[in-house]
Every structure is written in C-alpha cells, then in structure tokens.
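# A look at the structure
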Amino acid sequence: MSFRDYLAAKAVSLYLTGIGGLYLIFVSYLCGVPASLLAVLLFSAAAVVFLGFILGWRRMNRRLKMLQNRLNELSEKYLIGETIERPKDALELPYYLLMKEISRSAIGAVEQARAEKQEYCDYVDSWVHELKTPLTACSLILSNGGDPAKLRRELRRADNLTETILTHAKLKTMEKDTRISHANLHNLCDQAIREEMEILISANINITVDGECSVYTDSKLFVFILKQLLINCAKYCRGCQISITLANGILTFSDNGPGIPAHELNRVTERGFTGAIGRSSGQSTGMGLYIVSELCKKLNIGLEIFSEEHCFTRFVFHFPSQTLQKC
C-alpha cells in the first residue's frame, strides 16, 4: 500500500487531528502564548502526527507483506484465514472473526466436494467392474452360437448399469430435466416390467399389479425407480413373488424375498451402503436405493421401507395429494 493510499484511508483521522491542532493553537494564542512558542508547538505536533502516520503505514505494510508471503506459501489459498493471528486491535477483531467464519465455511465446502468426488470415483470403479460381467457374458454367448434370449438379457443388464450411472450423474441438476405430467401408475408399472422382462424371467420372478391410480409425476424417473426395485429383486430374490398395489395415491411394492436385517434397514438408502446380502453376492454398488431415495425427494414422493428378515421387503410410495387424479 502506498503512503498516499494510507493517508486517504486515514483521511477522517487526519482531518480531525488537524482541526484539533488548530483549535489548541487558537486557544493558546488567546491565552497570550508567544508566537515563537506557538510555532515550535505547531511544528512539534505536526512532526509527531506525521511520524505516527509513517509508523502506522510501515506497520500495515509489514502485515500485508507477511499475509502475502503466507498466501504464496499455501497451496490451498482458502486456508489463509486459519493462519492469521488474532488481532489486538478491537476495530480489526470483527473483520478477523468474519474471515475465520468464511475460511471455515470454505474448508467445509472443499472437504465435502472432495468426499463426494472420492465417492463418485469409487462408484465409477465398482460400476466398471460390474459392467464387465454382462459384457464378458455377451462375448461367451456369441462364441457359443449366440443364444438371442441370453444375449438380450445380458445387454439389458449392461443397459441398466449405464442408465443408473447416468441418472446418478444428473442428480444435482435433476430439476432442469424433470418433466411433471399426468401419468397412470398402472401403465408405468407395466412399462418397467416390460423393459426388465428378460432378467425377471431369468430370475424366475412372478409379478402381480393390482389397482388403478393416476398422478402427476415425471414418468421417466418413476419408471427408473420401479426398475431399480425390479433389478434388486432379480439380483437378491430369485424365484420370489412381487406384488404391486395401487390405491389413493399410494404405490406399494412388496416381495417375499430374504428381507433386510433390522440393523441395516435405516441405512439401505445411504450412498454406497451394500449390506450383508449385497456384499455376499458381489453384485452391489450400494447406489441403487440411494438414487431411488434421492429421486423421491426431488419428485416430492414420500418413501417408506419396511422389512422382516427371511420374510419380506415392502416399499411404500406416497404421492403428494395435490398431484392425485381420480383413482
């Protein structure tokens, strides 16, 4: 900072000091103080004030230089707020506390971004590993004559994995792609079942859909949600019975598979959580139900999950009342 800029910043103090000095000289003159002595006093006062401003300017420049050096040494500039000493000046203290708060907020945001990046990289790694399975199966099928039914099944699995990672990538900007419109839930169930027919038949799964209900929602995203549940059943509940019921804006999806252990039930929608069944199968990325949960939040759909180990698992979707049509 130049001395001129420093004086400009201290203009009010400089102005008041000058006014005060002139007032004292005027009073001293009225009191009969000799002019020569007044001149000496005026010169001395001006020298002291000027020296004070010089020292203040030098002190500020030393502090600024020290801060700049620290900033240059930091690879992560947002940490500068953590390196500043607490000032003794009461006027500077509020600015110091404000900078501390901003710095801690920035550190939190950076740490969260790093964690999300690492989680996403881990998910991509597991996704690539899982994608190899249907691709390898396709190669084996083709090398052994190319059974069309088996080939379609493995291609469907690969397509499901691709759709899942694309949907996950769009979660943060999902609002831009959401299209709310009138939808018949029975038709959406039929569409999801039809698209996953190959893997459902392969897993020997039987499905019933009962009831009718129409709502306003994003049809594409809700079909994706239903497909994730069907895919999970094909992975972990082979040979099970799935029952889907529709009534009064509520869709209930139930299966009589192995169920979820009680201690895992509250964690199944966490990002990356696989659970005992998922880990033992080696087929889980821990992202399916997390994405389902996040989509439900964005679509304002209530989601409840009930389960009893070795008995059943039930997903209950509550559509907002303002979106319901006559059911």
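So, a few notes on the structure that sits alongside this text. (Residues numbered from 1 in each chain as written. Predicted model: local features only at pLDDT ≥ 70, side-chain atom pairs only at ≥ 80, totals over all residues. Heavy atoms only, no water.)

### Focus: the state of the cysteines
- Taken as a whole and assessed by the stated rule, the structure comprises zero disulfides.
- You can see Cys233 has no disulfide; the closest cysteine sulfur is in Cys237, sitting 4.6 Å from it.
- With a relative accessible area of 10%, Cys237 lands in the buried category. (Disulfide = S-S within 2.5 Å. Buried < 20%, exposed > 50% of the residue type's maximum accessible area, 1.4 Å probe, protein only.)

### Description of helix α4 (residues 93–143)
- Its 51 residues place the ends of α4 75 Å apart at the C-alpha level, agreeing with the 75 Å of an ideal helix rising 1.5 Å per residue.
- Along α4, the positions that sit buried rather than exposed are Tyr96, Lys100, Ser103, Tyr123, Trp127, Glu130, Leu131, Pro134, Ala137, Cys138 and Ile141.
- Close packing links the buried residues of α4 with α5 (148–169) and α9 (219–236).
- Residue Gly145 follows α4 closely and has a positive phi angle near 105 degrees. (Helix = DSSP H or I, 4+ residues; strand = E, 2+ residues; numbered from the N terminus. Expected span 1.5 Å × (residues − 1). Contact = heavy atoms within 4.5 Å.)

### Observations concerning the pattern of salt bridges
- Overall, the coordinates contain 10 salt bridges when judged by the stated rule.
- Across the pair Glu196 and Arg156 runs a salt bridge whose closest N-O atoms are separated by 3.8 Å. Of the two residues, Glu196 sits in the loop between α7 (185–195) and α8 (197–202) while Arg156 sits in helix α5, which places them 40 residues apart along the sequence. Each member of the pair, Glu196 as well as Arg156, is classed as buried. (Salt bridge = Lys/Arg side-chain N within 4 Å of Asp/Glu carboxyl O.)

### Comments concerning the packing of α4 against α5
- One can describe the packing of α4 onto α5 by two numbers: an axis separation of 8 Å at closest approach and a directional angle of 165 degrees. Relative to α5, the element α4 is oriented roughly antiparallel. For the element pair α4 and α5, the recorded crossing hand is left-handed. Along the contact surface, α4 presents Tyr120, Tyr123, Val124, Trp127, Glu130, Leu131, Pro134, Ala137, Cys138, Ile141 and Leu142, while α5 presents Lys150, Leu151, Glu154, Leu155, Arg157, Ala158, Leu161, Thr162, Thr164, Ile165, His168 and Ala169.
- Tallied by class, residues from the contact of α4 with α5 come to 16 nonpolar, three polar and four charged. (Axes fitted to C-alpha atoms, helices over the stretch in contact; angles between N-to-C directions. Parallel < 35°, antiparallel > 145°, perpendicular 65-115°, else oblique. Left-handed = near helix turned anticlockwise from the far one by under 90°. Nonpolar A, V, L, I, M, F, W, Y, C, P; charged D, E, K, R; others polar.)

### Brief notes about the environment of Leu42
- Along the chain, Leu42 turns up in helix α3 (residues 35–73).
- Once the C-alpha coordinates of Leu42 and Ile205 are considered, the two residues, 163 residues apart in sequence, prove to be 101 Å apart.

### Some details on the nonpolar core
- With 55 residues, the main nonpolar core has Phe222, Leu251, Phe253 and Phe317 as its most contacted residues.
- Per element, the largest residue contribution to this core is 11 residues, and it comes from α9.
- Dropping the residues within four chain positions of it, Leu251 is found in contact with Cys189, Phe222, Leu226, Ile244, Thr245, Leu246, Phe315, Val316, Phe317 and Phe319. (Core = buried A, V, L, I, M, F, W, Y, C linked by side-chain atoms within 4.5 Å.)

### Concerning the pairing of strand β6 (residues 302–308)
- Examined bridge by bridge, β6 and strand β7 (residues 312–318) share seven bridges and lie antiparallel to one another. Within β7, the residue paired with Gly302 across the bridge is His318.
- Connecting β6 to the antiparallel partner β7 that follows it, the hairpin turn spans three residues, and His310 within it adopts a positive phi of roughly 70 degrees. (Pairing = 2+ DSSP bridges.)

### Here's the deal with unusual backbone geometry
- Even without glycine at this site, Asn204 takes up a positive phi of about 55 degrees.
- The residue Asn204 is located in the loop between α8 and β2 (206–210) in this model.
- The class of Asn204 is exposed, set by a relative accessible area of 59%.
- Non-glycine residue Asn300 carries a positive phi angle of around 60 degrees.
- The topology assignment puts Asn300 in the loop between α11 (288–298) and β6.
- By relative accessible area, which is 49% here, Asn300 ends up partly exposed.

Just distances and angles here, no functional claims.
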